[in-house]
Amino acid sequence: MRKAISLDIGGTNLRCALINENYEIEKVIIKNTSNATVEVFLGQVEEIINEVGVSDDVVAISMGVPGRVRWDGFIFELPNIGIK
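So, how was this worked out
- Residues numbered from 1 in each chain as written.
- Predicted model: local features only at pLDDT ≥ 70, side-chain atom pairs only at ≥ 80, totals over all residues.
- Heavy atoms only, no water.
- 1 Å grid on protein atoms, 1.4 Å probe; cavity = no way out; pocket = protein on both sides within 12 Å on 5 of 7 lines; lining within 4 Å.
- Points joined across faces, edges and corners; volume = space filled by probe spheres on them.
- Helix = DSSP H or I, 4+ residues; strand = E, 2+ residues; numbered from the N terminus.
- Nonpolar A, V, L, I, M, F, W, Y, C, P; charged D, E, K, R; others polar.
- Buried < 20%, exposed > 50% of the residue type's maximum accessible area, 1.4 Å probe, protein only.
- Pairing = 2+ DSSP bridges.

Student: Just checking my understanding: could you explain the layout of surface pockets for this structure?
Tutor: Rolling a probe over the atoms, with the probe sized like a water molecule, indicates the empty space that remains. Taken as a whole, the largest pocket holds about 190 Å³ of empty space. Counting residues per element, the lining of the largest pocket draws most heavily on helix 1 (residues 38–53), which supplies four residues. Here the residues of the lining of the largest pocket are counted per class, giving twelve nonpolar, no polar and two charged.

What follows is the structure, given as structure tokens:
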């Protein structure tokens, strides 16, 4: 069964869900968002994606972020998290 991972990155919480092709949520993880450094934040994103369950069934990852996204997909600032 094909699955997708969805991330909601906010200034307070980082939420991650694993969703199957029937649009059923199989797993949800919520953690406090770290705003220490870019490296720590990206490590936290990687950790929560792995924790929710990356497998060969995952065909897509979506992400909502608290900042502007350029036309090419580059995010140049996340002001609620305090990183550029």
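What follows picks up the thread again.
Student: Could you clarify how one ought to interpret unusual backbone geometry in this entry?
Tutor: Excluding glycine, a negative phi dihedral is what most residues carry, and trans is how most peptide bonds are arranged. Backbone geometry at Y23 places phi at a positive 65°, although glycine is not the residue there. Its place among the elements puts Y23 in the loop between strand 2 (13–20) and strand 3 (25–32). Judged by relative accessible area, Y23 falls into the exposed class, the value being 74%.

Student: Looking at this structure, I do not really get the pairing of strand 1 (residues 3–9). What am I missing?
Tutor: Successive residues of a regular strand alternate their side chains across the two faces of the sheet. In strand 1, alternate side chains face the same way, and those of K3, I5, L7 and I9 are buried while those of A4, S6 and D8 on the opposite face are not. Where strand 1 lies against strand 2, seven bridges are found, and the strand directions are antiparallel. Within the sheet, the bridge partner assigned to K3 lies in strand 2 and is N20. Between strand 1 and the antiparallel strand that follows it, strand 2, lie three residues. Where strand 1 lies against strand 4 (residues 58–64), six bridges are found, and the strand directions are parallel.

From the geometry alone we can't say anything about function, so treat these as descriptive.
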